[in-house]
Amino acid sequence: MMTDRGLHEECGVFGVYSEETADVASTTYYGLFALQHRGQESAGIVVNDDGVFTSYKDVGIVNDVFKPTVLASLGMGNMAVGHVRYGTTGTSGRANAQPIVVNHIKGSLALAHNGNLTNSAELREELELAGSIFHTTSDTEVISYLITKERIIAPSIEEALCRAMNRLEGAYSLVIMSPSKLIAARDPHGFRPLCYGRTADGRYIVASESCALDAVSATLERELEPGEILVFGEEGVRSIREHCGKVPSSLCIFEYIYFARPDSVVDGVTVHSARIKAGSLLALEHPVQADVVIGVPDSGLDAAIGYSRQSGIPYGVGLIKNRYIARTFISPGQASREDKVRIKLNVVRETVNGKRVVLIDDSIVRGTTSARIIKLLRDAGAKEVHMRVSAPPFINPCYYGTDVDSRDMLIACHHTVEEIAQIIGVDSLGYLQREHLGLIIGKNCGYCDACFGGTYPTAIPKKTEKYRFEKKLGKKERADEKLQ
């Protein structure tokens, strides 16, 4: 979708385990393709051939990073880990691309991470004071160091991970590869999704979303429970539940509203059905007399269908998206986002000309992109534009993997709904009511909506800046360094 995209979701993870040597690199490539919507800054794959790791990662989308010659150079193996990234901690350069590979006295480890630690600054400082040398500015390296530190004294990689999880706070869905095992883990709150499946020839697949399983012809077995560790090895699949059930489930509700692909199943609920329900609720909460309902591609489309069905107002295709332009929501930097908005959408004039239009979108962040879309519709002849948003207003930062670390960028923090409507140029504006968020899931399960309500499942981190590990030295820091 495309409202002013100051928000970002951070990553997609993928892993494959095969009992036989196979082209696991290609399997991972196709899986990452299916997860491309979760991150477009960089991509990486690590292949394990009997304990020998071969890796490649770079800045760019999957198809640009993995040209045929590069993919072939990864060779054959029985395991692989892959990652697509949008960084919520650290810059977007090649150094912060994942998976991270660590070589230590007991072998090698490859790690792919989706989420955001809330205590990464404290952990990093502790590790640095103990002699650790960091090569990246992402919190993923903090996780890899903690696991490696425990692995030196632990009897197994899964035991090392289990111990490390006692120190980790915040959101993390992990896929880890050792010389002989593939391991998946989800944080005790279950902020980010993670599932696994199996192919007809017996390969195990782990992925952020079930759509990636479909892409490699794997059948969804189930999703990991919050706090669960799954170990894939010669003995099959083994579950470790030491961290399960200690805290309430807090799946990010925005996975259903925006992040996940509509053909994915997240915690037993299809994303498509959740968005249809959100649109239906919007029609009940904010009815309006209109001639056509349209959605902003892509995540506004399903909600628009739901609004149309509930209201009886015909659904129409009003906006066409250029499929060769990356999602503005995930494109880093405001200037880049604004450039892409200008060439990303075009209006189907016949659908809106002379009509009262209901425009469905998934969120409004700054309001700048929404204003441009409204202007496009007005220029195409729309007589009225009534905007409906399938999420409540964003009024709080997110510390669990959505790139909003300040209330300054959120238009709803500074203006009323009526004022926002005037700023973006609509005839009326309505948001989904926060108390109805649970209804879009359709079952009794816990979720995190702190960005809408302000109640956080964990302690708020002391340091929240995205680039907190790469700040320039101030006068005091320069003076202190001269004395050292």
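Fair warning: this is a prediction, and the values are worked out from it, not measured in the lab.

J.: I'd like a description of the overall build of the protein chain, backed by residues and values.
T.: Assigned secondary structure in the protein chain consists of 17 helices and 23 strands. The 484 residues of the protein chain split such that 60% are buried. When the accessible area of the protein chain is evaluated, it comes to approximately 18,800 Å², of which 51% is carbon and sulfur surface.

J.: How would you summarise the sheet that holds strand β5 (residues 100-104) if you had to cite specific residues and measurements?
T.: Pairing is antiparallel in the open sheet, where six strands are placed in the order β5-β6-β7-β8-β12-β13. Each having just a single partner strand, β5 and β13 (236-240) make up the two edges of the open sheet. For this sheet the average axis-to-axis angle between neighbouring strands, irrespective of direction, equals 20°. Bridge analysis of strand β7 (residues 170-177) against strand β8 (residues 182-186) gives five bridges, and the strand direction is antiparallel. Bridged to V175 within β8 is A184.

J.: For helix α10 (residues 299-311), give the residues involved together with the corresponding values.
T.: Across its 13 residues, α10 extends 19 Å between first and last C-alpha, which sits within 8% of the 18 Å expected from 1.5 Å per residue. Taken residue by residue, α10 has S299, G300, D302, A303, A304, G306, Y307 and S308 as its buried positions. Each element contacted by the buried residues of α10 is listed here: α8 (254-259), α9 (271-285), β17 (292-295), β20 (356-361) and β21 (384-389). Backbone geometry just after α10 places G312 at a positive phi near 85°.

J.: If you had to explain the packing of helix α4 (residues 120-129) against helix α5 (residues 139-151) to someone new, which residues and values would you point to?
T.: The packing of two helices is summarised by the inter-axis angle and the distance between the axes. Running from N to C, α4 and α5 cross one another at 50°; their axes reach a closest spacing of 10 Å. In terms of axis orientation, α4 runs oblique to α5. When you trace α4 past α5, the crossing you get is left-handed. On α5, the residues touching S120, L123, R124, E126 and L127 of α4 are D139, V142, Y145, L146 and K149. By residue class, the composition of the contact of α4 with α5 is five nonpolar, one polar and four charged.

J.: Let's hear about the sheet that holds strand β22 (residues 428-431): which residues, and what values?
T.: Ordered by their spatial adjacency, four strands build an open sheet running β17-β20-β21-β22, and the pairing between neighbours is parallel. Among the strands making up the open sheet, the edge pair consists of β17 and β22. Neighbour to neighbour, the strand axes of the sheet diverge by 20° on average, direction disregarded. Note that β21 and β22 share four bridges and pair parallel. Along β22, the bridge assignment pairs M387 with L429. Running at roughly 145° to β21, helix α13 (residues 368-379) makes contact with β17, β20 and β21 of the sheet. Strands β21 and β22 of the sheet are contacted by helix α14 (residues 417-424), whose axis makes an angle of about 125° with β22.

J.: So what about the nonpolar core? Which residues, and what values?
T.: One finds F254, Y256, Y307, I440 and F452 to be the most contacted residues of the largest nonpolar core, which totals 38 residues. Elements with a contribution of two residues or more to this core: β14 (251-252), α8, α9, α10, β20, α15 (437-441) and α16 (450-453). If you look at the next biggest cluster of nonpolar residues, it comprises 28 residues, including V62, V70, A207 and A218.

Parameters and conventions
- Residues numbered from 1 in each chain as written.
- Predicted model: local features only at pLDDT ≥ 70, side-chain atom pairs only at ≥ 80, totals over all residues.
- Heavy atoms only, no water.
- Helix = DSSP H or I, 4+ residues; strand = E, 2+ residues; numbered from the N terminus.
- Buried < 20%, exposed > 50% of the residue type's maximum accessible area, 1.4 Å probe, protein only.
- Areas by Shrake-Rupley, 256 points an atom, 1.4 Å probe, with all protein chains shown as cover.
- Pairing = 2+ DSSP bridges.
- Axes fitted to C-alpha atoms, helices over the stretch in contact; angles between N-to-C directions.
- Expected span 1.5 Å × (residues − 1).
- Contact = heavy atoms within 4.5 Å.
- Parallel < 35°, antiparallel > 145°, perpendicular 65-115°, else oblique.
- Left-handed = near helix turned anticlockwise from the far one by under 90°.
- Nonpolar A, V, L, I, M, F, W, Y, C, P; charged D, E, K, R; others polar.
- Core = buried A, V, L, I, M, F, W, Y, C linked by side-chain atoms within 4.5 Å.

As far as function goes, none of this settles anything; it's purely spatial.
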